[in-house]
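# Structure assessment
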Amino acid sequence: GLAEYAKGDYKAAAKSFKAAELYADDSVMKAKSLIEAAKSYRKAELRFEEFKCVEKLINVFPNFVNFTTAVDREFEIGNEFYAGLRDPLPILSWLPWEDRDRTIEIYSKALKHAPFSKHAPDAKLRLARMYIDTNKKDDALKTLREAVSMYPNTAVEKYAMLDLANALMQLAGPADGDGKY
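This text gives an overview of the structure that appears in the document. (Residues numbered from 1 in each chain as written. Predicted model: local features only at pLDDT ≥ 70, side-chain atom pairs only at ≥ 80, totals over all residues. Heavy atoms only, no water.)

Once that is clear, we can look at unusual backbone geometry. At Asn135, a position not held by glycine, the phi torsion is positive, near 65°. The residue Asn135 is located in the loop between helix 7 (120–133) and helix 8 (137–150) in this model. The exposure class assigned to Asn135 is exposed, which follows from its relative accessible area of 57%. Within the chain, Asn153 stands out as a residue other than glycine whose phi angle is a positive 60°. (Helix = DSSP H or I, 4+ residues; strand = E, 2+ residues; numbered from the N terminus. Buried < 20%, exposed > 50% of the residue type's maximum accessible area, 1.4 Å probe, protein only.)

Below, the discussion takes up the environment of Leu2. Mapped onto the elements, Leu2 comes out in helix 1 (residues 2–7). A relative accessible area of 61% places Leu2 in the exposed class. Spatially, the C-alpha atom of Leu2 lies 8.8 Å from that of Glu36, the residues being 34 residues apart in sequence.

For helix 9 (residues 155–172), built from 18 residues, the straight-helix expectation of 26 Å at 1.5 Å per residue is met to within 8% by its first-to-last C-alpha distance of 26 Å. Of the positions making up helix 9, those classed as buried are Val156, Glu157, Ala160, Asp163, Leu164 and Ala167. Angular distribution of buried residues about the axis of helix 9 spans 130°; they occupy a single face of the element. In helix 9, the exposed residues that point more than 90 degrees away from the buried face are Lys158, Tyr159 and Met169. Packing partners of the buried residues in helix 9 comprise helix 7 and helix 8. (Expected span 1.5 Å × (residues − 1). Arc of directions from axis to C-beta. Contact = heavy atoms within 4.5 Å.)

Further remarks concern the side chain of Ser33. Looking at the element boundaries, Ser33 is found in helix 3 (residues 27–43). If we skip the residues at most four places from it in the chain, Ser33 touches Phe17, Ala20 and Glu21.

Attention now goes to the nonpolar core. The tendency in soluble globular proteins is for nonpolar side chains to be buried as a group. Counting 40 residues, the largest nonpolar core has Cys53, Leu57, Phe75, Leu111, Leu127 and Leu144 as its most contacted members. At the level of secondary structure, the elements contributing two or more residues to this core comprise helix 2 (10–23), helix 3, helix 4 (47–60), helix 5 (67–82), helix 6 (103–113), helix 7, helix 8 and helix 9. Here this core gets eight residues from one element, more than from any other, and that element is helix 7. Setting aside residues no more than four positions away along its own chain, Leu57 makes contact with Ala31, Leu34, Ile35, Pro62 and Val65. The next biggest cluster of nonpolar side chains, apart from the first, holds five residues, and it includes Phe48, Phe51, Ile77 and Phe81. (Core = buried A, V, L, I, M, F, W, Y, C linked by side-chain atoms within 4.5 Å.)

Written out as structure tokens, the structure reads:
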């Protein structure tokens, strides 16, 4: 993997590092291989693949990674996806309807790891907004209620309360009181 990385073939380097992680005998080598694979995927601009490496490092090899840095990187990747970045399609992609927006998945996992990090409040609001946009009302309401309770006396709390009120108003709009709408 190091030879490919030195030549600038980052995608091939990442694949070699992933293979090294698979075939390594000890956890130190596995973790180092995953760290190098994540770096290679980042250079190759394959953010979701990088995210999967970082996620595996956090879940499987937490002793070999700086937790704060890894979680911050997950939030950064989530922010990039939220801003519209998508990994390039494979050459032979035959699934045109495949959703390549992994923002909800990335934010959910990052928030699970560090719900009180410096990036968490904004990520929680963005996640709620995405749930609303994808018509997942129950998830949106739950996320907004969590934002209100987890981040009191902040601007995020105020925005979450406003979004929560709007979401509840939209849900109550067609109701006429008989329980059927």
